[in-house]
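Topology and contacts: notes
Here is how the chains run, residue by residue.
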Amino acid sequence: MSTIDRSRSAFTPASATRTAATAEKKSLSLNPLEKLADLAKAGLEDMPRFLKMGADVFESTTLAEVEKLFGGNAKPDRMNDGKFVGTQGQTFPPGTPLSQIPGVTPKGNPNPSETILYVNGIMTPLDGQMKEMQSIAETSGAKVVGIHNSTQGLATDLAQCVTDKLDKGSNPAVDTLADTVYSELKAGHDVHLMGYSQGGLITARALDHVQQRLRAEDGLSKADTEKLMSHLKVETFGAASTHYPDGPQYVHYVNNADAVPTLTGLGGSVDPLSFLKDAGKGAVVHRFTDGNLNLISNHMLDTLYLKHRVDFDQARAGHFQD
């Protein structure tokens, strides 16, 4: 279901189940156990790739892997926390003008007309973010500049998600994003943001900081703050935030089969706690169902969420393909 504003009024039904399409076509002829078996089979078929991508979770059978879960070898990635990421994995210190960062571009288009600022989720080292940035560039046709949300192991990453939700403690990625957005808005520039998983939570927290700064430091009224922040285009995918400040133009993508946004974010199509959540004034929330019994597969950015993404203006009009 795609919804706009806080009322969740429907645009069109959206229940695409691409990765389980074969099972659905046969649903009339399969009994429930057979359908469950098909979903399990699809999840198992995805497993080899996710074993490789998420070795920290699935291969913690040695002391080294257990240490990795708790950040035992996270120092190299931690050095890039909050830095800008450009093409070929180049990193740039916070405060570097966006115009001076050579971003990742779509193949065959070295000079896109738009730049997207992207924040990654948990358990994603720099090379993982680079792969996601390339997928975003190919899908959107834009140049992509990253802000790196470093990983310090599963336990520490999850703990940081809690402090981000509470707006407590320091997060370099939040600080870099907030300072960049504030500076770009003050310079009269439009900004396009993307946040995935914890990256969506970081984006929400940073936007709260920008809003507070515009009110406190610049003395803007609530209405003027929202007007200035309307120059922000914000897309989130499987995000872990339940609250977004008013002003920006939002499109939120939520997979009903993804536990991250349904349990820790804006919630699925059926959510008894929806009254406690705020997608931001005028937000479009696109809820769909896609996946299998592999919960990691159902949360992936490049292989799932980006396949449901449409052009930003098309999404804001509520015109999705599923």
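What follows deals with the pattern of salt bridges. Applying the stated criterion to the full structure yields ten salt bridges. A salt bridge links Lys233 to Glu114; its shortest N-O distance comes to 2.9 Å. Taken together, the residues span a long stretch of sequence, with Lys233 in strand β8 (residues 232-237) and Glu114 in the loop between β4 (91-92) and β5 (115-119) at a distance of 119 residues. For Lys233, a relative accessible area of 22% gives the class partly exposed. The partner of Arg213 in a salt bridge is Glu217, and the shortest N-O contact between them spans 3.1 Å. Classification of Glu217 by relative accessible area gives exposed; the value is 55%.

Now for the confidence of the model for the protein. Of all residues in the protein, 77% attain a pLDDT of 70 or more, and the chain-wide mean is 86. A low-confidence stretch, residues 5-29 (pLDDT under 50), is modelled with 58 contacts involving residues beyond four sequence positions or located in other chains. Scored below 50 in pLDDT, residues 56-66 makes 16 contacts in the model with residues more than four places away or belonging to other chains.

Within the structure shown, the criterion is met by five aromatic pairs. Between Phe288 and Tyr305, the ring centres sit 5.8 Å apart and the planes meet at 75°, which makes this aromatic pair edge-to-face. Separated by 17 residues along the polypeptide, Phe288 in strand β10 (residues 284-288) and Tyr305 in helix α12 (residues 301-308) bring together distant segments of the chain. On the accessibility criterion, Tyr305 (0% relative accessible area) is buried. Chaining the aromatic ring pairs together yields one cluster made of Phe237, Tyr253, Phe288, Tyr305 and Phe320. Stacked on the ring of Tyr182, the Lys or Arg Arg213 has its end atom at 3.8 Å from the ring centre.

Calculation criteria
Residues numbered from 1 in each chain as written. Predicted model: local features only at pLDDT ≥ 70, side-chain atom pairs only at ≥ 80, totals over all residues. Heavy atoms only, no water. Salt bridge = Lys/Arg side-chain N within 4 Å of Asp/Glu carboxyl O. Helix = DSSP H or I, 4+ residues; strand = E, 2+ residues; numbered from the N terminus. Buried < 20%, exposed > 50% of the residue type's maximum accessible area, 1.4 Å probe, protein only. pLDDT = per-residue confidence, 0-100. Contact = heavy atoms within 4.5 Å. Phe/Tyr/Trp six-rings, centres within 6.5 Å; stacked < 30°, edge-to-face > 60°. Lys NZ or Arg CZ within 6 Å of the ring centre and 35° of its normal.

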